[in-house]
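Okay, here's what each chain looks like letter by letter:
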Amino acid sequence: MFRSRSWFGGGWGRPKNPHSLEHLKYLYNVLSRNQTVSEHNRGLLVETLRSIAEILIWGDQNDSSVFDFFLEKNMLSFFLRIMRQRSGGSSFVCVQLLQTLNILFENIRNETSLYYLLSNNHVNSIIVHKFDFSDEEVMAYYISFLKTLSLKLNAHTIHFFYNEHTNDFPLYTEAIKFFNHPESMVRIAVRTLTLNVYKVEDASMLAFIRDRTAAPYFSNIVWFIGKHIQELDVCVRNDADHQSQNRLSDLVAEHLDHLHYLNDILCLNITDLNQVLTDHLLHKLLIPLYIYSLSTVRKPTGGVEAITKALNQKLNLNESSSNGGIPHEPSTGKVSCVVALFLLSQVCLIISHSPVVQTVAWIVLKSDRSIYDKGVEKLLEAYENEMKRNGKNEEASGSESSFKDDVVEEHKNITDEEKQRLATTPTESESVSEKPFLETVYNALDCSENDYAALFALILLYAMAYNKGIMPDINEQVLRPKKTYTSKTSSRDVRYTYNTYLVDKLLYIVLLSCQPSCRVRLVTLELALKLLVQLVMADGKSVLLESHKSTIESAKTQSTALLRNFYKSEEIFLDMFEHEYCDMSKTSLNVEWLCMDSAILLPPTGTPMTGIDFTKRLPCGEQVERARRAIRVFFLVRNVVLTLNGEMETQLPLTNPQSCVQIDQALDLSISHNSDLIACTVLWKDGTKTRRFLVIDVLQLILVEPDTKRLGWGVAKLVGFLQDIEVTGDKDDSRCLHITIHRPLSGTTTNRVPLLSAKFVFDDNIRCMAAKQRLTKGRIKARQKKMQHIARLLEIPGQSGPPSPAFVGGGIYNRSAGRGLRDRPFGLSRGPGFATPRWESPPGVTHRTDESRRHRDSDPKNLKKDDRTPNRSRDSSSSRTKSREGSPRMPRPRSEEIPLELIKKASNSVIDMTPKIAIVPRPQLKEESEEVEKKPEEEVSISSEETSFIASERRNSKKGGNIETV
């Protein structure tokens, strides 16, 4: 634009180099000739101001003479002169002027250049200039300019902005006028600016803020937060059907911003400011509006009544608005109990300044009704007196005397009932009704109808228990176990007591969550269990009473029985089980993030159409969500029981990652034969071909590439679980299979992207059929093993036995203990591609085929009188072998395993018929041991559980042909 108008400003003398002192002099001449803004020259002035900023930034890094000329000609005065004009184009030029100043101060790095710009007080004159803030663009650039200036504040530059002689600080005083601006960007900029100001360590400046601005500024902040809370409460009461979630989300986010801003101020540890801010928060916001809203039975009297009445008048509340089913008293300036619990939870989670949160915690947990009726001032006075007494006691008592104070009389020869009474807390012995605020919190834990208020009560108790600003003696006996010594001579004899009344409430929530038709959300259960562990764990161990132990064990039993109702042999149950466990183990409950979610402020809903996370809503009517909830309840209760018992989890997850083959893991294939691996060609979707060997483990499908450097070794290039595969044949080619391997379920996503989807081409149709058969049966057996493992966890009758190899290390390469990587060979199986392991059966454990044969042979009813001697047993064994040779051959069913001998071999190949499975001896009956000695070696090859189904199918097929077999 400037070049196109070069004729207007005498462009014949314009320098060619835009980054030079001569160009700045040229621009100065342009400003001198166009000091009055008009519609004709405003474009020229805008381009001139932009070019000046560019040259000054260049001069800051390259040529100091640029700033010398800028100050010599006092070019900032031109800026002021342009801003003060009221012509038609001045507003357009002011936008560019503010943008130029913002860019200039943001990019200046040299302190000397910065001092040049801040000299002559021109910047303060620009700050106090009356801009047209109705223009949103002017407002945005102005507040951004002020924030940029605040970032340059330090102990040296503060004197350019704060005038100690005139007691004036325009940068701060002008900025705080916009602290409640409708635009969120402006409000955030003001908060950033004030924090930057407070961080500067200048005593005179801080004294000015304390004496002149702190009280009115903090008072206005507190008042507007109260107004904001009333709007939030109205939104909650009027949005029971979840139609205004966006508005509610904005209100919650704004309240969080307020709390974080106040906490940032308090964390600066400026004593004078913190005292003023704490006084306003407690007297005008936290106690009269937050805490007193917890009790709706009795109205506060005295000072609090006047405060809430004045607040009501300021807020112009609509007293005729409907309550929407939530207790609310608009005439007293209160909010609903649910909103009050939610707001107090946010306060205790975010603010850590001890004088604030400790006062709030003491009033909620310790104050009684006699003080409550006297108002805010008496509550604060009672708290201060309590702190003074505690301080005097701590000063008067030394380490020795304090140890004696904690010593309780050792009771000998007392009954269990007396021990139970001694373990009760003061909360039980005293009447809870005398503590109005604590009574409200405890009453909110009732989940008989729903857990709407219970969730916020749990969050509040959890936040007070973990807030570092609250002294331990306030939480002790209420939210933490109390440790007392039972001996005056030894510190080892200790006794622990805890809040049994609260533990009873929490255990009731847990028991209620294990019922089929309860209305307790998962997040409420998880938070209740977290708080339970906090209450009863001391010095790394559980101090639960026997009655409470039996209750939590009963909850575990009920959660197991609840999940047992959803146990099915269908595939979806296994997928859900593993998905929920993976999702829960990856992410734990973050209570602070939970309080950021505005959706929990609305009544619990069961429809997923609201977009609320599954753990924060009730399950809908369909069976799948009810099963998901039952699975999560089982995991949560089981984990807490293990924690309280001091035990480690040894049964989950169902698949132990350490027992699985990983990608790029080296495998020793030198001991195995070529028939153990099925050679195939993988055709990818992009048309590329890869030659691989297919290996089918107990749990995994492995694609192996031979190692070019070491003979007999291979590298796993792709690994997938058998339970996640899909195998389909090719209609056009009998040698091809279409195999899809899905990724394991993880995280919150339910979209399973395939790990592999390709076409496998084998050497012949026999190997193709063998591979398909192995994959299909391997998938079924892998899923069956995991389902059996789940059945053992759920204590389903008929599923007792050793843990599934899926967890304890059931892979080929990890089943043999104490064997290195080089000693993990593939063993020859009954068909190609299935690598069978060295199976070491534990003593006393036999397989199904051996078990059935042993019972059948040992049954006296099945033996003839002359066949009960060992000699007759040997003869009968010999005769059975001969009878098989003479018996007619029956056609083999297609579903039967394909024998390895039918696979086509090369003419010069030799088939090794020696057994490839090492059998560890097991205890045998006398008759069985003698019988095995006479059997041919090849008949004793099926011993592992993986291959037992082969003999079972052959026996069934021969029974169908009326051939007598044993």
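Presented here is an overview of the structure given in this document.

1. Points about the overall build of the chain
Part 1: Each helix and strand counted, the chain has 37 helices and twelve strands in total.
Part 2: The 966 residues of the chain split such that 49% are buried.
Part 3: Here the contacts in the chain between residues at least 6 apart in sequence split such that 71% fall between residues at least 24 apart.
Part 4: When the accessible area of the chain is evaluated, it comes to approximately 47200 Å², of which 49% is carbon and sulfur surface.

2. Some remarks on the nonpolar core
Part 1: Counting residues in hydrophobic clusters, the biggest one holds 222 residues, and the most contacted among them are F145, F169, Y198, Y290, M464 and F577.
Part 2: In contact with Y198, other than residues within four places in its own chain, are Y172, L206, I209, Y217, F218, Y261, I265, L268, I270 and L273.
Part 3: V682, L718, I725 and V727 belong to the second-largest nonpolar core, a separate cluster that totals 24 residues.

3. Describing the environment of L44
Part 1: Take L44: it is sitting in helix α2 (residues 42-62).
Part 2: C-alpha of L44 to C-alpha of N34: the two residues are ten residues apart in sequence and 8.8 Å apart in space.

4. Observations regarding the sheet that holds strand β12 (residues 754-762)
Part 1: Taken together, the eight strands give an open sheet; going across it, the order is β5-β9-β8-β7-β6-β12-β11-β10, and neighbouring strands pair in antiparallel fashion. In this open sheet, the two edge strands, each paired with only one partner strand, are β5 (666-668) and β10 (725-729). On average, each strand axis in the sheet is inclined to that of its neighbour by 40°, with strand direction left out of account.
Part 2: Pairing of strand β11 (residues 736-742) with β12, which is carried by seven bridges, proceeds in the antiparallel orientation. When the sheet's bridge partners are listed, H738 is paired in β12 with K759.

5. Considerations on the pattern of salt bridges
Part 1: What the rule picks out here adds up to 30 salt bridges.
Part 2: Taking the shortest distance from any N to any O, the salt bridge between E386 and R389 comes out at 2.5 Å. Of this pair, E386 and R389 both sit in helix α19 (residues 376-396), separated by three residues, roughly a single helical turn.
Part 3: A salt bridge links R617 to E625, with the shortest nitrogen-to-oxygen separation between them at 2.8 Å.
Part 4: Each member of the salt-bridge network shares a partner with another, and the members are E580, D583, R628 and R632.

6. As for the side chain of Q358
Part 1: Among the secondary structure elements, Q358 is positioned in helix α17 (residues 354-365).
Part 2: Owing to a relative accessible area of 5%, Q358 belongs among the buried residues under this scheme.
Part 3: Among the polar contacts made by the side chain of Q358, one reaches the side chain of Y383 at a distance of 3.3 Å.
Part 4: Sequence-distant contacts of Q358, that is, excluding residues within four places in its chain, are made with Y383, M387, G469, I470, M471 and I474.

7. Some details on the packing of helix α12 (residues 203-237) against helix α13 (residues 245-267)
Part 1: Two elements in contact, α12 and α13, have axes separated by 10 Å at closest approach and are oriented at 155°. Considered as vectors, α12 and α13 are oriented roughly antiparallel to each other. Here α12 runs over α13; the crossing is left-handed. Of the residues in α13, those in contact with Y217, F218, I221, I225, H228, I229, E231, L232, C235 and V236 of α12 are R247, L248, L251, V252, E254, H255, H258, Y261, L262 and I265.
Part 2: The class makeup of the residues in the contact of α12 with α13 is 14 nonpolar, three polar and three charged.

Scoring rules and cut-offs
- Residues numbered from 1 in each chain as written.
- Predicted model: local features only at pLDDT ≥ 70, side-chain atom pairs only at ≥ 80, totals over all residues.
- Heavy atoms only, no water.
- Helix = DSSP H or I, 4+ residues; strand = E, 2+ residues; numbered from the N terminus.
- Buried < 20%, exposed > 50% of the residue type's maximum accessible area, 1.4 Å probe, protein only.
- Contact = heavy atoms within 4.5 Å.
- Areas by Shrake-Rupley, 256 points an atom, 1.4 Å probe, with all protein chains shown as cover.
- Core = buried A, V, L, I, M, F, W, Y, C linked by side-chain atoms within 4.5 Å.
- Pairing = 2+ DSSP bridges.
- Axes fitted to C-alpha atoms, helices over the stretch in contact; angles between N-to-C directions.
- Salt bridge = Lys/Arg side-chain N within 4 Å of Asp/Glu carboxyl O.
- Polar contact = N/O pair within 3.5 Å; in protein donor to acceptor, adjacent residues only side chain to side chain.
- Parallel < 35°, antiparallel > 145°, perpendicular 65-115°, else oblique.
- Left-handed = near helix turned anticlockwise from the far one by under 90°.
- Nonpolar A, V, L, I, M, F, W, Y, C, P; charged D, E, K, R; others polar.

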